[in-house]
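Architecture and fold: a report
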Amino acid sequence: MAEVEHEREAQRVAFLNQAGLGAAARAPLPGDASTRRYERLTTASGTSLMLMDQVAAAESPPADPSWSPERRKAEGWNAIARLSAGRIEAFAAVAAHLRSVGLSAPDIGAVDAPAGLAVLEDFGDDLFARVIEAGTDEVPLYLAAVEALATLHAAPTPEVLSGAAGDWPLQVYDETALQGGADLFVEWLPKLKPGLVFDGAARAEWHEAWAPVVAEGAAGASVVAHRDYHAENLIWLPERQGVARVGMIDFQDAVRAHPGWDLHSLLQDARRDVSGALEAEALERYFALAAVDDRAAFLRAYAGLAALNEARILGIFARLIVRDGKPRYAGFMPRMWRHLNANLQKPGLEGVARWFDRYVPEGVRA
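My aim in this report is to walk through the structure given alongside it, one point at a time. Here the structure is a predicted model, which is why all the values come from computation and not from measurement.

Here the focus is the side chain of Arg-272. Here Arg-272 shows up in the loop between helix 9 (260-267) and helix 10 (276-289). For Arg-272, the side chain forms a polar contact with the side chain of Glu-138, separated by 3.2 Å. At a separation of 2.9 Å, a polar atom in the side chain of Arg-272 contacts the side chain of Tyr-142. Setting aside residues no more than four positions away along its own chain, Arg-272 makes contact with Ala-129, Ile-132, Glu-138, Tyr-142, Ala-231 and Arg-335.

So this is what it looks like as structure tokens:
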């Protein structure tokens, strides 16, 4: 392991030297749940930049657009879910698209995609979550984030995005990806809660219950979706104007998805509470800006995809706790259960609600 890190450090040093940043001061940033790492670079003139470090071989491969569902399942989780596997090409291409429609994504100063290295514009540390914790009124920030989504959704949705490291396909968040995400719940919750048992019949009923939600989500996939749009991935840039005040990061897994996907990620956050009143106000702002012909159908899909995502996240948190030894994620699970339990009361989720009533005791759902 030490030898591998020594070789990787040599790659980082060579890349920075080639970019003219060999003398920059380097400060690692705390890691997250991914295989990616960041360092803040400070030049002699005081300019601050970010080094993105993502070893391409650290994850299973991303999906090829031509792969069948069976091939994707054989290749691994990134292919099933149509994740980018952290590829620098994906980050650069999505960033270029976001900037092209007037949104704020980090500019890329230097890139070596095969090595998994890039130098990015530094948006600073004013994550929405931290700024709100420090006392800033959350309402203008959330409404600005919704306005940025409406801008993104109104823009064309290309099949291929192009950036500083080449082209990247914008794949559909389809039935395989959506159902695969939901299935993390039935795979991992029993490993965290041994009293839960989901046999073959329960799993078959699980798929049947989610089928209408999955079908509606895939059929409505029409916009570029950030895919992980929440207060820990948005940075407040008040010196900019309009929707450009919302700095976006961690968007390398962008897909073509239902417009409700990013909205529920923002408004039913796993990491912080968003009041029902703010959620309603934010949705009203979105409807005032976006072309939504059938509001009832949109809200049905919004609640269904939110519930599916909450089941997915509960599965991910269980996996992080059980497999990866990260018990802190248990602290986020009650909030996800509250969101899921509330959504299960919404129209269109009657079958999913019956499944939970049958197989998941109320004591677990808290």
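Read on, since the account is not over.
This part is about the packing of aromatic side chains. Applying the stated rule across the entire model yields 21 aromatic pairs. A centroid spacing of 5.6 Å and a plane angle of 75 degrees characterise the contact between Trp-206 and Trp-210, whose relative ring orientation is edge-to-face. With Trp-206 and Trp-210 both in helix 8 (residues 200-219), this residue pair falls four residues apart, about one helical turn. By relative accessible area, Trp-206 is classed as buried at 1%. Measuring from ring centre to ring centre gives 6.3 Å for Tyr-286 and Phe-287, while their planes differ by 65 degrees; the resulting arrangement is edge-to-face. Accessibility assignment for this pair places Tyr-286 and Phe-287 in one class, buried. Of note, Lys-191 hangs over the ring of Trp-188, and the distance from its end group to the ring centre comes to 4.1 Å. The ring of Tyr-173 carries the charged tip of Arg-227 above its face, separated from the ring centre by 4.4 Å.

The next point concerns the packing of helix 6 (residues 138-154) against helix 9. Orientation of helix 6 relative to helix 9, taken along the N-to-C sense of each, is 165 degrees, at an axis distance of 11 Å. In terms of orientation, helix 6 lies roughly antiparallel with respect to helix 9. For the pair helix 6 and helix 9, the crossing hand works out as right-handed. Residue-level contacts link Tyr-142, Ala-145, Val-146 and Leu-149 of helix 6 to Asp-262, Leu-263, Leu-266 and Leu-267 of helix 9. Tallied by class, residues from the contact of helix 6 with helix 9 come to seven nonpolar, no polar and one charged.

Rules behind the numbers
Residues numbered from 1 in each chain as written. Predicted model: local features only at pLDDT ≥ 70, side-chain atom pairs only at ≥ 80, totals over all residues. Heavy atoms only, no water. Helix = DSSP H or I, 4+ residues; strand = E, 2+ residues; numbered from the N terminus. Polar contact = N/O pair within 3.5 Å; in protein donor to acceptor, adjacent residues only side chain to side chain. Contact = heavy atoms within 4.5 Å. Phe/Tyr/Trp six-rings, centres within 6.5 Å; stacked < 30°, edge-to-face > 60°. Buried < 20%, exposed > 50% of the residue type's maximum accessible area, 1.4 Å probe, protein only. Lys NZ or Arg CZ within 6 Å of the ring centre and 35° of its normal. Axes fitted to C-alpha atoms, helices over the stretch in contact; angles between N-to-C directions. Parallel < 35°, antiparallel > 145°, perpendicular 65-115°, else oblique. Left-handed = near helix turned anticlockwise from the far one by under 90°. Nonpolar A, V, L, I, M, F, W, Y, C, P; charged D, E, K, R; others polar.

That's the geometry; what it means functionally is another story.
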